[in-house]
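The lines below spell out each chain.
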Amino acid sequence: MNRLLLLTGLLLCMLSTSCIPHKDTIYLQNKSTTTDSTQVMIEQLKPYRVQINDILNVRIKVLDQENANIFNPVGEASLDASSAERAYFDGFTVDLHGNIRIPSLGKINVLGFTTEEIEAALKKKLLEDQFKETANIFITVKLSGLRFTANGEVGSPGTVTLFQDRVNIFEAIANVGEIPVTGNKKEVQIIRQYPQGQKIHSIDLTDVKVMQSPYYYIQPNDIIYVRPLKQKSLGTGTTAVQTLGTIATVLSLITTTILLFTRL
């Protein structure tokens, strides 16, 4: 009888520690004590500042557009390239010194500036060196796609380029496949590039307050890493049924082994 109780307790203990709790699989939970279901989440989106290896798309328009063609590079028409590849060939890559090189204007330092600040700087330089106010200069500076990499417990690990101005963490994950049940949604790591180097940040996707995080929106060259839960390394199963089946198999093997040894 005592052995039966001990075995039952052991099984319950293993079930409770080996299964993945339902609450760990749900996104955007309200973990505060409030009962109000209507919430206003303030997004923490700061202007992106250009980093090394970013690719900028610069377009300059004036009244006499022929005079501005030299500033607007267009790749070879016969080049068989995707949108991302075309952006690479036609864009201006920020070098290791934080500069881009524009025809007739030379090197322009853009490191740490927003796209709006770069537009203003280019317009000022063009008015000083190339055009008059009557040319009605119109300049647009955009990132040539938002490129990020996702590794770990995601559906399709790899590098993706999205042609959007902003992308939140959920949109990024949706583009590389859903996080499986064995992925740790509570500690998703974002490796972000800064002028002084890289930093690792951690966010909890199961908490609705993630929308207030400064890392809710990803940035170019971010690396998203989703750790596996310990249940995956244990191999006990993701549900109670799977875990129970694994335990039953192990116990059956142990029992058979004991019986064989007792008969010898």
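Residues numbered from 1 in each chain as written. Predicted model: local features only at pLDDT ≥ 70, side-chain atom pairs only at ≥ 80, totals over all residues. Heavy atoms only, no water.

Caption draft 1: The arrangement of the packing of aromatic side chains in detail. Within this structure, the stated rule accounts for two aromatic pairs. With 6.2 Å between their ring centres and 65° between their planes, Phe-170 and Tyr-216 make a pair best called edge-to-face. Of this pair, Phe-170 sits in helix α4 (residues 169–174) while Tyr-216 is found in the loop between β9 (197–203) and β10 (223–228), placing the two residues 46 residues apart along the sequence. Tyr-216 gets classed as buried once you look at its relative accessible area, which sits at 6%. With centroids separated by 5.2 Å and ring planes inclined at 80°, the aromatic side chains of Tyr-216 and Tyr-217 adopt a geometry described as edge-to-face. Judged by its relative accessible area of 6%, Tyr-217 is buried. By the ring-pair criterion, three or more aromatic residues cluster together here, those being Phe-170, Tyr-216 and Tyr-217. Just above the ring of Tyr-194 sits the side chain of Lys-199; from NZ or CZ to the centre is 5.2 Å. (Phe/Tyr/Trp six-rings, centres within 6.5 Å; stacked < 30°, edge-to-face > 60°. Helix = DSSP H or I, 4+ residues; strand = E, 2+ residues; numbered from the N terminus. Buried < 20%, exposed > 50% of the residue type's maximum accessible area, 1.4 Å probe, protein only. Lys NZ or Arg CZ within 6 Å of the ring centre and 35° of its normal.)

Caption draft 2: Here's a closer look at the pairing of strand β7 (residues 158–162). In the sheet, strand β6 (residues 146–152) pairs with β7 via five bridges, with the strands oriented antiparallel. Following the sheet pairing, Arg-147 is matched in β7 by Thr-161. Count of turn residues in the β6/β7 antiparallel hairpin: five residues. (Pairing = 2+ DSSP bridges.)

Caption draft 3: Quick look at unusual backbone geometry. The phi dihedral of Asn-53 falls on the positive side, at around 80°, and the residue is not glycine. The residue Asn-53 is located in the loop between α1 (2–18) and β1 (55–61) in this model. For Asn-53, a relative accessible area of 49% translates into the label partly exposed. One non-glycine residue with positive phi stands out, namely Ser-104, at about 75°. Within the element layout of this structure, Ser-104 appears in the loop between β3 (99–102) and β4 (106–109). A residue is classified by how much of its surface remains accessible, and Ser-104, at 52% relative accessible area, is exposed.

Caption draft 4: Quick peek at the side chain of Ser-144. Relative to the elements of secondary structure, Ser-144 occurs in the loop between β5 (138–143) and β6. Take Ser-144: its relative accessible area is 13%, and that puts it in the buried class. Separated by 3.5 Å, the side chain of Ser-144 and the backbone nitrogen of Asn-57 make a polar contact. Other than its neighbours up to four places away in sequence, Ser-144 contacts Ile-55, Leu-56, Asn-57, Ala-87, Thr-161 and Phe-163. (Polar contact = N/O pair within 3.5 Å; in protein donor to acceptor, adjacent residues only side chain to side chain. Contact = heavy atoms within 4.5 Å.)

Caption draft 5: Structural detail: the sheet that holds β5. Read from one edge of the open sheet, three strands run β2-β1-β5, paired in antiparallel fashion. At either end of the open sheet lies a strand with only one pairing partner, and these are β2 (92–93) and β5. Sheet topology places β1 next to β2; two bridges connect them, and they run antiparallel. Bridged to Leu-56 within β2 is Phe-92.

Caption draft 6: How the structure looks around the pairing of β6. Two elements, β6 and β10, share four bridges in a ladder whose sense is parallel. Bridge pairing in β10 links Gly-152 to Val-226.

Caption draft 7: Representation of the nonpolar core. Membership of the largest hydrophobic core comes to 23 residues, with the highest contact counts inside it found for Phe-148, Ile-169, Leu-205, Ile-218 and Ile-224. Only β6, β7, α4, β8 (183–194) and β10 provide two or more residues apiece to this core. In this structure Leu-205 touches Tyr-27, Leu-28, Ile-169, Phe-170, Ile-173, Ile-179, Lys-185, Val-188 and Val-210, once residues within four positions along its chain are discounted. Ranked by size, the runner-up nonpolar core spans 22 residues in total, among them Val-58, Leu-126, Phe-131 and Val-141. (Core = buried A, V, L, I, M, F, W, Y, C linked by side-chain atoms within 4.5 Å.)

Caption draft 8: Representation of the sheet that holds β8 within the structure. Read from one edge of the open sheet, five strands run β7-β6-β10-β8-β9, paired in mixed fashion. On the outer flanks of this sheet lie β7 and β9, each paired with one strand and no other. Adjacent strand axes in the sheet meet at a mean angle of 25° when their direction is disregarded. (Axes fitted to C-alpha atoms, helices over the stretch in contact; angles between N-to-C directions.)

Caption draft 9: Layout of the pattern of salt bridges. Throughout the structure, instances matching the rule amount to five salt bridges. Between Arg-49 and Glu-117 there is a salt bridge, with its nearest N and O atoms 3.2 Å apart. In this pair, Arg-49 sits in the loop between α1 and β1 while Glu-117 sits in helix α3 (residues 115–129), placing the two residues 68 residues apart along the sequence. We classify Glu-117 as partly exposed; its relative accessible area is 33%. (Salt bridge = Lys/Arg side-chain N within 4 Å of Asp/Glu carboxyl O.)

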